[in-house]
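Per-entry structural report
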Amino acid sequence: MKPLILVAVAMILLSHGSHTFQILSKSKLEKCEKGSESDGLNCTSKIILDLAVPSETGGREASMVAEIVETEENSSDHMRTFRVPPVITVNKSAAYALYELTYLRDVAYKPQEFYVQTRKCEPDAGAKVVKICERLRDDNGHIIEHTQPTCCPCGEQRRVPSSCGNFFDKLIKGKANTAHCLRFTDEWYHVFAIGQRSIGFSIRIEVKTRSKTSEVIVGPENRTAISTDQFLRVNLVGDYVGYTNIPSFDDFYLVIPRQGTPGQPQSLGSDFSKWMLLERVRFTLDGLECNKIGVAYEAFNAQPDFCAAPFWSCLHNQLCNFWESDQNRISRNQVPLYCVQGRFERINQHPNVGSHAFSIGITEVLNTNLMVELRADDIEYVYQRSPGKILYISVPSFEALTQFGTATITTKNTGELEASYSLTFECSSSISQMEEQFYIMKPKETITRSFRLYPTTDQAAKYACDAILKDSDFSEVDRAQCQFTTTATVLENGSQTLSQPPKTSTNGFFESIEDLMNDLWTGLSEFVTGRNCRSKCSTFFDIGCHIQCISMSWVLMFGLFLAIFPTALVLIWLLHQKGVFDPFYDWWANHIWRDEQLPKHNRHAMHLIKHHRPEKRHHRHQYHDTHGRRNLHGEHHRHKNRIGGGLDYNYYIHHVHKSNHKHHRHERIKDSKAPEHRARRIERIHN
């Protein structure tokens, strides 16, 4: 018995589509044949590929190329390299949904009603009377039933409003009437019932070796195929997931333009722009229903209240109406509702196109499972071995569980040949196992590989690990040991906080009203009291802040603050009118204003008078108070002749004002003009 072969690696070389097929699994195969009871077993070894072949984007055609470079023999982890790798080419056609068709009948695209105004309408009238509404005949000259015109009397409330003329017209020419008839245009459509649906595609598999090329084609209708040289065998297992977007047309009819004679067509044609899918309820196959596709003469003529019905009654919902409706949608960049073109892709592009089926493209991308078997009897293997060495291992410390560690291992090919290697990193049981890595190194090349370390405990610990380097024959060529430590896991909540679940209640409406009233009351109270604004604004005079956060209390306080100034001015003015400030005025006149007005030597003389003649001043006051205004002029001359002229005069004038202020204030209040009169008199005396 020959050894068993197991596929291990397939290297993708080229892909014309956007997807590449994948090798899904590895399995053994020992195929033995026995011709009779007396014959022995004839066993052969096979290479098995389990492939997932996807479609191109949108379900279009996909093409892929790959090489088989290595195999594994007898599950011994012994990888063997092909001397001449077999090249596999997979071409998957576009997927489509195929629907069976059954011819039903032909229908008119646009039935039309005609009328002729005449005076002698009869069902059997000739063309001279009813013109186009004359009864129709077939090719043999026989009259076609129900094609006679329907006559309606004249009048405004008729199917076609018309004038009946005057009495003489009725008497001479006859009574006016109209002839109505149904006629069909030359544009007709075939009607098909849609039957069973199936999925269609084909996959072509080609395998090239050094000496030959083998090819097979499989599909849903031919799931297993063997090449003529018995080298290649392919089995179509199926799709991994069923199609979900394939429409079903069990309740629809397909209508297409008629190409030639009536009846079953030989070809469906290629004018897909007028192919339409319409519900079966829109059709009348016997022609006896009005306002449906396929209406016939009998239904048109037999409609009730014919002459009172509106013009074109019984001829609505025809093919022309649905096609024009879709054209309006297309002009607005909308998807049509009835036309096939614009709703589906790759219409009728399946192989062996005929008149008994039609197809639409499938836009879903699904993987198709293929099982490929190659006979391995005449395949040659070769592999190269070269020594290697582990140069360096680095594992920094890290925190257990919350982080993962990274082991960095540097290896070198110390031999003279390019060869493949495998590297493993084995640690104690507290570290999760790591997958073995395979790679190729050129002569004297140095490569660094890394492994991720995941501890299974949160405690700080010290670990020991071994790095093992193997050559292409899976023999160990070098081993190195390293140690590393982990720190204990630090548990903290960080910025996470406990969130309260939302409150739920059956009285949600009333609770929302209550919340609204509470918010309104809170906002009103804050506006009146200004608590929120006081917390936001630094000082009372931070006007910009208070304008943005307005409150009634601040507005009142600021208004009172501004009212202080005019209030103070009014108060000062009132006190002035009451004479409260008169002592201040006197003091100002005695000490400030008088000193500023008199010369320097007069100021000295005045000082002497004030200190050395108090008795005579007192006497003059008494004399002045006794004699009044009559002696004012005499007093003026006497004092003018004393103590230096102008000095005596000024002193006297000041004393008169002071005396008048102290002893005759009530006289000034009664007569405000008296002081002014006396001042003018004194000024005249001085002059």
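Description of the structure in this document. The shown structure was predicted, so the numbers you read here are calculated from the model rather than taken from an experiment. (Residues numbered from 1 in each chain as written. Predicted model: local features only at pLDDT ≥ 70, side-chain atom pairs only at ≥ 80, totals over all residues. Heavy atoms only, no water.)

Focus on the state of the cysteines
Let me state the cut-off plainly: Counting rule for disulfides: a pair of cysteine sulfur atoms within 2.5 Å. Each helix corresponds to a stretch of at least 4 residues labelled H or I by DSSP, and each strand to a stretch of at least 2 residues labelled E; elements are numbered beginning at the N terminus.
Overall, the coordinates contain 5 disulfides when judged by the stated rule. Paired through a disulfide, Cys-152 and Cys-307 show a sulfur-sulfur distance of 2.1 Å. Sign of the S-S torsion, about -90 degrees for the bond between Cys-152 and Cys-307, identifies this disulfide as left-handed. Residue Cys-152 is located in strand β10 (residues 150-153), and its partner Cys-307 is located in the loop between α3 (297-301) and α4 (319-331); the two are separated by 155 residues in the primary sequence. Paired through a disulfide, Cys-290 and Cys-314 show a sulfur-sulfur distance of 1.9 Å. Disulfide Cys-290-Cys-314: torsion about the S-S bond near -85 degrees, hence left-handed. With Cys-290 in the loop between β18 (276-279) and α3 and Cys-314 in the loop between α3 and α4, this pair connects stretches of sequence that are 24 residues apart.

Overview of a negative patch on the surface
Our working definition: For patch detection, residues must exceed 30% relative accessible area and be free of salt bridges, and they are connected within 9 Å for like charges or within 5 Å for nonpolar side chains (Val, Leu, Ile, Met, Phe, Trp, Tyr). In this description, accessible areas are obtained by the Shrake-Rupley approach with a 1.4 Å probe, and a residue is regarded as covered only by the protein chains that are shown. We define a salt bridge as a side-chain nitrogen of Lys or Arg found within 4 Å of a carboxyl oxygen belonging to Asp or Glu. His is not counted here, nor are the chain ends, while Lys and Arg score as positive and Asp and Glu score as negative. The location of each charge is read from NZ of Lys, CZ of Arg, CG of Asp or CD of Glu.
Negative charge collects at one region of the surface, where Glu-511, Glu-514, Asp-515 and Asp-519 lie side by side. For Glu-511, the location among the structural elements is in helix α5 (residues 508-529).

A look at the environment of Lys-412
The condition is simple: Each residue is placed in one exposure class: buried if its accessible area under a 1.4 Å probe, protein chains only, is under 20% of its type's maximum, exposed if it is over 50%, and partly exposed if it falls in between. Two residues qualify as a contact provided that any one of their heavy atoms is within 4.5 Å of a heavy atom in the partner residue.
Mapping Lys-412 onto the fold places it in strand β23 (residues 405-413). Relative accessible area serves as the criterion here: at 28%, Lys-412 is assigned to the partly exposed category. The spatial distance from the C-alpha of Lys-412 to the C-alpha of Tyr-392 is 9.9 Å, given a sequence separation of 20 residues. Non-local contacts of Lys-412, meaning those with residues more than four positions away in its chain, are made with Pro-387, Gly-388, Lys-389, Leu-391, Met-441, Lys-444, Glu-445 and Thr-446.

Description of the sheet that holds strand β19 (residues 357-361)
The condition that has to hold: At least two bridges found by DSSP between two strands is the condition for calling them paired. Inter-axis angles, ranging from 0 to 180 degrees, are taken between N-to-C directions of lines fitted to C-alpha atoms, where helices are fitted over the stretch in contact.
The 5 strands lie next to each other as β18-β17-β12-β8-β19, forming an open sheet whose pairing is antiparallel. Each end of this open sheet is capped by a strand with a single partner; those strands are β18 and β19. This sheet shows a mean twist of 40 degrees between the axes of neighbouring strands, independent of strand direction. Direction of pairing for strand β12 (residues 188-200) relative to strand β17 (residues 252-257): antiparallel, over a ladder of 5 bridges.

Geometry only, nothing functional implied.
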